[in-house]
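Survey of secondary and tertiary structure
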Amino acid sequence: MSVVRVEELARHVGETVTLRGWLYNRRSSGKLHFLEVRDGSGIVQCVVFKGNVTPETFTAANHITQESSVEVVGSVKEHGKIKGQHELDVKEVRVLAATTQEYPIGPKEHGTDFLMDNRHLWLRSRRQHAIVRVRHAIIKAVRDFFDGRDFTLVDAPIFTPNACEGTSNLFQTDYHGDPAYLTQSGQLYMEAGAAAFGSVYCFGPTFRAEKSKTRRHLAEFWMVEPEVAFLDLEGDMKLAEDFLSCVVGRALETRREELKVLERDTSMLEKVIPPFPRITYAEAIDLLQKNGHPEAKVGDDFGGDEETVISSRFDRPVIVHRYPMGLKAFYFKRDPGDDRLALNMDVLAPEGYGEIIGGGQREDDLGKLEAAIDHHKLPRPAFEWYLDVRRYGSFPHAGFGLGIERTVAWVCGLPHVRETIPFPRMLNRLAP
RNA sequence: UCCGGCUUAGCUCAGUCGGUAGAGCAGGCGGCUGUUAACCGCCGGGUCGCUGGUUCGAGUCCAGCAGCCGGAGCCA
């Protein structure tokens, strides 16, 4: 008799199998007990009929507490009421370990703060399970995409010696007596990597110490950052749309069931295929002025509100390119056609999910990059290694960064990024 | 940091005009052969966030503080 996983049950109809898992919920109807058992791969209804088991087993089955670990033996059959689903006709139920106290998360509603306090247990519930599985599929698709295009994985360090880009607040740590900061981006290291390997990417956690309390922010989030030698902005945008389409397509392909649990309307996701609409920053400002933001003017950055207005004009992700240099980090290359503009691009997700990709072409001229560092009042010595990338055979190159949690929130249709990462780190949450 | 809201049973919430605390779920007992957050009956369960004030009397009104949620700024 084989031990099978819930997600494999369809291949074992008519067989007697063993399941090991935890009691998710229990209902009863006199001579029938319905035990919902989950094993990590899914949830299955196990039917205990009084006539099929010993009186002791029947009574005991009705007293198994929620989330006790159990072993169930039974035969697999079609669900009595729901077509396409399967259930287990129980022959034996054994409690492996009963809960020692009442499980805190009941089948009724709970508040977010309470659930986050119990995040280690909340992950067991149906929706959270679905979200983490979608996240996994997205991350796997990210790696498969770059691996399939012969990118080399070049991991960037987490500890960095300087508060580099000078834009956001970083977490400071004590590094054997010297200050060190948790990375906010692996990009500068990827530029060095591109000169060594051609096409590279890094994928890891990044940190921002900003006191942001919004549905789009985490203190610790995961970012994938490709960087490609001899690529211009045009190629970068092409790479971004191919990449995002591939990732979303994979989630749709491999995580249908999970998206159904999340009640995600996938029609908007089906449309994520290249090419994406592209507009310039100037066109975006114009669009804002004509759609409820008459105060918008060149030089403004977009808030969440503005991003929603722009993205809602399109039925798929939209690329906004060529922002004013003043709004962007020092390392962007200037547009040869208008040196007030940066050769950068942001990808805004539809349905109000905002910026999920930011990137562009990097400055490859040594003198201009030195000037930009001075202009931003950044400490030159910290950037000598970065300038070396230009001193020793400079080359045009471009790349971008994609925020995993915002992408997962968008694909899953969640209102907040906090549920897209197993253990979120936020302004007021460091535990569990 | 700023603006707004919330805080009552283990959990989710109701609580009228200021008059002495309620429901559902969870837990226990019983009932029902097809339940889907099952349902029905019975039982136990309270520092009304904290501190102070007004009042004969405060869960309720006022002030301060704390925690949480949402938004802004900043960003992915």
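Residues numbered from 1 in each chain as written. Chains lettered and ligands numbered in written order. Predicted model: local features only at pLDDT ≥ 70, side-chain atom pairs only at ≥ 80, totals over all residues. Heavy atoms only, no water.

1. Here we look at the protein's contact with RNA strand B
- Around RNA strand B sit 45 residues in total, of which Asn25, Lys81, His110, Arg215 and Arg406 are the nearest.
- Among all atoms of RNA strand B positioned within 4 Å of the protein, those belonging to sugar or phosphate total 51%.
- Take Arg27: an N or O atom from its side chain is 2.7 Å from a base oxygen of RNA strand B.
- Contacts to RNA strand B include Gln45, whose side-chain N or O atom sits 2.6 Å from a base oxygen.
- Listed by contribution, the elements that provide at least two residues to the surface near RNA strand B are strand 1 (16-28), strand 2 (32-38), strand 3 (43-49), helix 2 (112-117), strand 11 (220-229) and strand 17 (354-361).
- Broken down by element, the residue count for the surface near RNA strand B peaks at four residues, all from strand 1.
- Its residues assigned to classes, the surface near RNA strand B comprises ten nonpolar, 15 polar and 20 charged. (Near = heavy atom within 4 Å. Polar contact = N/O pair within 3.5 Å; in protein donor to acceptor, adjacent residues only side chain to side chain. Helix = DSSP H or I, 4+ residues; strand = E, 2+ residues; numbered from the N terminus. Nonpolar A, V, L, I, M, F, W, Y, C, P; charged D, E, K, R; others polar.)

2. Looking at the pairing of strand 4 (residues 69-78)
- Of all the ten residues making up strand 4, eight are buried; the element is thus mostly covered by neighbouring parts of the structure.
- For strand 4 and strand 5 (residues 86-97), the ladder comprises ten bridges, and the chain directions are antiparallel. Looking at the pairing, Val76 lines up with Leu88 of strand 5. (Buried < 20%, exposed > 50% of the residue type's maximum accessible area, 1.4 Å probe, protein only. Pairing = 2+ DSSP bridges.)

3. With respect to helix 13 (residues 404-412)
- Within helix 13, eight of the nine residues are buried, which leaves it mostly tucked inside the rest of the structure.
- Among the residues of helix 13, those classed as buried are Ile404, Glu405, Thr407, Val408, Ala409, Trp410, Val411 and Cys412.
- Looking at the residues trailing helix 13, positive phi occurs at Gly413, about 70°.

4. Details of the packing of aromatic side chains
- Summed over the entire model, instances satisfying the criterion amount to 18 aromatic pairs.
- A ring pair is formed by Phe302 and Tyr323, whose centres lie 5.7 Å apart and whose planes are at 70°; its orientation type is edge-to-face. Residue Phe302 is located in the loop between helix 9 (281-289) and helix 10 (304-311), and its partner Tyr323 is located in the loop between strand 13 (318-321) and strand 14 (334-335); the two are separated by 21 residues in the primary sequence. Each member of the pair, Phe302 as well as Tyr323, is classed as buried.
- With a centroid separation of 6.1 Å and an interplanar angle of 75°, the aromatic rings of Phe330 and Tyr386 are classed as edge-to-face. Of this pair, Phe330 sits in the loop between strand 13 and strand 14 while Tyr386 sits in helix 12 (residues 384-391), placing them 56 residues apart in sequence.
- Residue classification places Tyr386 among the buried residues on the basis of a relative accessible area of 0%.
- Through a chain of ring-to-ring contacts, three or more aromatic side chains come together here, namely Tyr189, Phe330, Tyr331, Phe332, Phe383, Trp385 and Tyr386.
- Here the basic side chain of Lys328 rests over the ring of Tyr323, its NZ or CZ set 4.7 Å away from the ring centre. (Phe/Tyr/Trp six-rings, centres within 6.5 Å; stacked < 30°, edge-to-face > 60°. Lys NZ or Arg CZ within 6 Å of the ring centre and 35° of its normal.)

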